[in-house]
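# Observations on the model geometry
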Amino acid sequence: MTSPLYVGLVHYPIYDKNFNVIATAITNYDLHDISRSAKTYGVKKYFIIHHIPGQLDMVHKIMDFWESPVGRNYNGYRTQAFDIVDIRPSIEAAVEAVTTAEGKKPYVVTTDARTYANTISYKDLRHKREEDDTPILLLFGTGYGMTKETMEKFDFILEPIYGAGEYNHLSVRSAAAIILDRLAGEDWWK
């Protein structure tokens, strides 16, 4: 048994570099790259969590192109990856969507470059997926991270990803791919 895995990219409430609360812009790359990684690792839904109509219009235009005959013929793999994309206005709406789909409230898990009292290792969360049927909603923040008040509501926060040196500033796309591999990839170490 492996519990269902869901992913969400959170654009609000997010800090900017001065710790003002903002809504970040959706990027074309985040749409494409995270949906492709999520589809590769068996994620059931990839939620774009945003509430600003102009930003959501852009998402629909991008997806409409790739789901059109022209887009499908040009690169059908992108079309397939968009099959799991779902747009929700808030984290709470994404949690509700998972709860409705699975009949059970998910563990809400996020990432951060810092550690917290409820920090969990990749190994422990992977074991939890294998031993517990509770779905997992894995949230990635944009900008300079989700607000402190938002982070305090989550069940678990994954330990930071550490590189080989002092520099540690991965794009959300890179972090998502690494984390999905750690949680849902092959057991290469066995």
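Residues numbered from 1 in each chain as written. Predicted model: local features only at pLDDT ≥ 70, side-chain atom pairs only at ≥ 80, totals over all residues. Heavy atoms only, no water.

### Digging into the UniProt feature "domain: tRNA (guanine-N(1)-)-methyltransferase C-terminal" (unreviewed entry) in the chain
This is how it is decided: UniProt positions are given in the numbering used here, feature names are shortened, and annotations may be inferred rather than shown by experiment. Numbered from the N terminus, helices here are DSSP runs of H or I no shorter than four residues, and strands are runs of E no shorter than two.
In the numbering adopted here, UniProt assigns the feature "domain: tRNA (guanine-N(1)-)-methyltransferase C-terminal" (unreviewed entry) to residues 5-185. Here residues 5-185 is 44% helix and 19% strand, with 12 Å between the C-alpha atoms at its ends.

### A look at the nonpolar core
Generally speaking, nonpolar side chains in soluble globular proteins are found buried as a group. Put simply, the test is: For the purposes of this section, nonpolar cores are sets of buried Ala, Val, Leu, Ile, Met, Phe, Trp, Tyr and Cys residues that join through side-chain atoms within 4.5 Å. Here's how the labels work: a residue is buried when its accessible area is under 20% of the maximum for its type, exposed when over 50%, partly exposed in between, all with a 1.4 Å probe on protein chains only. Any two residues having at least one pair of non-hydrogen atoms within 4.5 Å are treated as being in contact.
Within the largest apolar cluster, 35 residues are counted, with the highest numbers of intra-cluster contacts made by Tyr 46, Val 109, Leu 138, Phe 140, Leu 158 and Ile 179. Of the residues forming this core, the biggest block, 6 residues, is contributed by helix 8 (residues 172-184). If we ignore the near neighbours within four places in the chain, the residues touching Phe 140 are Val 7, Gly 8, Leu 9, Val 10, Thr 111, Met 146, Val 172, Ala 175, Ala 176 and Ile 179. By size, the runner-up hydrophobic cluster in this structure holds 17 residues, among which are Ile 14, Ile 91, Ala 97 and Val 108.

### Things to note about helix 6 (residues 122-131)
Spelled out, the test is: What the arc measures is the spread of directions leading from the helix axis to the C-beta atoms.
Burial in helix 6 covers these residues: Tyr 122, Leu 125, Arg 126 and Arg 129. In a view along the axis of helix 6, the buried residues occupy a sector of 100°, so they form one face of it. Those residues of helix 6 that are exposed and angled more than 90 degrees off the buried face are Lys 123 and Glu 131. Buried residues along helix 6 sit in contact with strand 1 (5-10), strand 6 (107-111), strand 7 (119-120), strand 8 (136-141), strand 9 (156-158) and helix 8.

### So, the packing of helix 1 (residues 28-40) against helix 8
Using the following cut-off: All axes are obtained by fitting lines to C-alpha atoms, using only the stretch in contact for helices, and the reported angles, taken between N-to-C directions, cover 0 to 180 degrees. Oblique is the label for any angle not under 35 degrees, not over 145, and not in the 65 to 115 range, which are roughly parallel, roughly antiparallel and roughly perpendicular in turn. Residue polarity follows a fixed list, in which Ala, Val, Leu, Ile, Met, Phe, Trp, Tyr, Cys and Pro are nonpolar, Asp, Glu, Lys and Arg are charged, and the others, Gly among them, are polar.
Between helix 1 and helix 8, whose axes approach to 9 Å, the crossing angle comes to 5°. Accordingly, the angle class assigned to the pair helix 1 and helix 8 is roughly parallel. Contacts from Tyr 29, Asp 30, Asp 33, Ile 34, Ser 37 and Ala 38 in helix 1 reach Val 172, Arg 173, Ala 176, Ala 177 and Leu 180 in helix 8. Its residues assigned to classes, the contact of helix 1 with helix 8 shows 7 nonpolar, 1 polar and 3 charged.

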